[in-house]
Amino acid sequence: LRDRKFSTLTAENGLSEEYVLALAQAPDGAVWAGTKGGGLNQVRGGRIHALTTAQGLASNVVFAVAAAPNGDVWAGTPDGLNLVRDGRVRVLTTADGLADDFVRSLYVDRQGALWIGTRHGLSRYASGTFTTWTAADGLGSDLIGAMMQSGNGDLWIGTLGGLSRMHDG
């Protein structure tokens, strides 16, 4: 730290909120930061652009961010799942098939499918369709905190009731 190897972006530099909850890097190199009350910030080439409820985001609280290989950016909020594509925001909710509007975590797998961790289960979004799993299907709990895919393709899911593994779907 004494070597000053860190630089910090703050509201003074244009960040919409200094409390950052989630980060993801898009294929184009942009860094997306989800904040506690300032929406979603895109940092690219030293410039910061914020997306908030004024631009269609479901909430200015962003718990999770994930970038897809095709350039889509996903943001999880307490009020739904947000797709950012070409600067436009589309909100997906339980009305569209999502397990719960309170999105806690996101993960894009190697096939490009989006996995969504909520308070009421795990949803997978692929080809415009949601599929949901809950504790009734074998998950440790319906409250999903984190996900990752291992080298063999298994999906590991961190839940309130332990670590669950999905093998071969």
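On a predicted model such as this, the values are computed, not experimentally measured, just so you know.

Peer 1: If you had to explain the layout of surface pockets to someone new, which residues and values would you point to?
Peer 2: Taken as a whole, the largest pocket spans an internal volume of roughly 200 Å³. Lining the largest pocket are 15 residues, with Trp32, Gly71, Val73, Val84 and Asp86 sitting closest to its centre. Elements with a minimum of two residues in the lining of the largest pocket: strand E3 (40-44), strand E4 (47-51) and strand E7 (80-85). Looking at side-chain class alone, the lining of the largest pocket contains 6 nonpolar, 4 polar and 5 charged residues. Volume-wise, the second largest pocket comes out at about 160 Å³. Residue lining of the second largest pocket: 15 residues in total, with Asn70, Asp72, Trp74, Arg85 and Gly112 positioned closest to the centre. Residue classes in the lining of the second largest pocket are distributed as 8 nonpolar, 4 polar and 3 charged.

Peer 1: Account for the nonpolar core, naming residues and giving values.
Peer 2: Counting 15 residues, the largest nonpolar core has Trp74, Leu81, Leu106, Leu114, Ile116, Tyr125 and Phe130 as the members making the most contacts within it. Counting residues per element, the ones that place at least two in this core are strand E5 (64-67), E7, strand E9 (103-108) and strand E10 (114-118). The biggest single contributor to this core is E9, with 3 residues. For tyrosine 125, the residues in contact, after removing those within four places along its chain, are Trp74, Arg90, Leu92, Ala113, Leu114, Ile116 and Phe130.

Peer 1: Tell me what's going on with the side chain of threonine 93, and back it up with residues and numbers.
Peer 2: Checked against the element boundaries, threonine 93 lands in the loop between strand E8 (88-92) and E9. Every residue in contact with threonine 93, bar those within four places of it in the chain, is listed here: Asp79, Gly80, Leu98 and Asp101.

Conventions and cut-offs
- Residues numbered from 1 in each chain as written.
- Predicted model: local features only at pLDDT ≥ 70, side-chain atom pairs only at ≥ 80, totals over all residues.
- Heavy atoms only, no water.
- 1 Å grid on protein atoms, 1.4 Å probe; cavity = no way out; pocket = protein on both sides within 12 Å on 5 of 7 lines; lining within 4 Å.
- Points joined across faces, edges and corners; volume = space filled by probe spheres on them.
- Helix = DSSP H or I, 4+ residues; strand = E, 2+ residues; numbered from the N terminus.
- Nonpolar A, V, L, I, M, F, W, Y, C, P; charged D, E, K, R; others polar.
- Core = buried A, V, L, I, M, F, W, Y, C linked by side-chain atoms within 4.5 Å.
- Buried < 20%, exposed > 50% of the residue type's maximum accessible area, 1.4 Å probe, protein only.
- Contact = heavy atoms within 4.5 Å.

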